[in-house]
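Here is what each chain is made of, one letter per residue.
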Amino acid sequence: MGAMTHEPAPPHIANPLARWAPIPLRLIVGFGFMQHGLNKLVKGPENFTAILHALGVPAPHLMAWFSILTELLGGLAVLVGALVPIVSIPMAALLLVAIFTVHLRYGFSSIKLMAVTAAGAQFGPPGYECSLLYLACLAALVLGGSGPFAIDGLVKKKPA
């Protein structure tokens, strides 16, 4: 008897749940970016401007607002799956700037347990791990699509 061969099922048939994978990525990346932008607004944009000035970022006031709006609006766009390939560009730029200006000197790990005291756990400065995870999620969404319930998908389905 000859050996029977068959081609593997296409990915969408082999794992019908795979199409849902972008949703948790959109939720955590979108919410995470929006939370960072909101924190900067609540603490006062002038405080973030001062941090950027101390880091030597040119036009710190303009860059502070660019960062805040990118985090808020870009985060919202990712959350709802709208224009993800476009908004990922400034979002990735912010992450890369954060890696090279702040986090790189602290190494890879984002969690550095220094001590546990009566007040709770004490952590050292975070490394670039978390920023890389955000970059990987953005890349996955750009390359693989935003998945179900994305605004981009709903717009494409409407007849012209």
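Let us look at the structure shown here. Because the structure is predicted, anything quoted here is derived from the model rather than measured.

## Observations regarding a nonpolar patch on the surface
On the surface, Leu-38, Leu-41, Val-42, Trp-65, Leu-69 and Leu-73 cluster together to form a nonpolar patch covering roughly 550 Å² of accessible area. Residue assignment for the nonpolar patch shows that the elements contributing at least two residues are α2 (22-43) and α4 (60-80). Looking at the element boundaries, Leu-69 is found in helix α4. Classification of Leu-69 by relative accessible area gives partly exposed; the value is 43%.

## Topic: helix α3 (residues 45-54)
Within α3, the full set of buried residues consists of Pro-45, Phe-48, Thr-49 and Leu-52. Here the buried residues of α3 occupy an arc of 105° about the axis, which is enough to place them on one side. Among the exposed residues of α3, those oriented more than 90 degrees off its buried face are Glu-46, His-53 and Ala-54. Packed against the buried residues of α3 are α2 and α4.

## Side note on the side chain of Arg-26
Structurally, Arg-26 is set in helix α2. Nearest to the buried, unbridged Arg-26 among oppositely charged side chains is Asp-152, at 8.5 Å. A polar contact of 3.0 Å, which involves the side chain of Arg-26, links it to the backbone oxygen of Pro-148. Setting aside residues no more than four positions away along its own chain, Arg-26 makes contact with Phe-31, Val-78, Leu-79, Val-80, Gly-81, Leu-141, Ser-146, Gly-147, Pro-148, Phe-149 and Ala-150.

## Some remarks on the side chain of Thr-49
Residue placement: Thr-49 occurs in helix α3. In this structure Thr-49 touches Pro-60, His-61 and Ala-64, once residues within four positions along its chain are discounted.

Rules used in this analysis
Residues numbered from 1 in each chain as written. Predicted model: local features only at pLDDT ≥ 70, side-chain atom pairs only at ≥ 80, totals over all residues. Heavy atoms only, no water. Patch = residues over 30% accessible without salt bridge, like charges linked within 9 Å, V, L, I, M, F, W, Y side chains within 5 Å. Areas by Shrake-Rupley, 256 points an atom, 1.4 Å probe, with all protein chains shown as cover. Salt bridge = Lys/Arg side-chain N within 4 Å of Asp/Glu carboxyl O. Helix = DSSP H or I, 4+ residues; strand = E, 2+ residues; numbered from the N terminus. Buried < 20%, exposed > 50% of the residue type's maximum accessible area, 1.4 Å probe, protein only. Arc of directions from axis to C-beta. Contact = heavy atoms within 4.5 Å. Lys, Arg positive; Asp, Glu negative; His and termini not counted. Polar contact = N/O pair within 3.5 Å; in protein donor to acceptor, adjacent residues only side chain to side chain.

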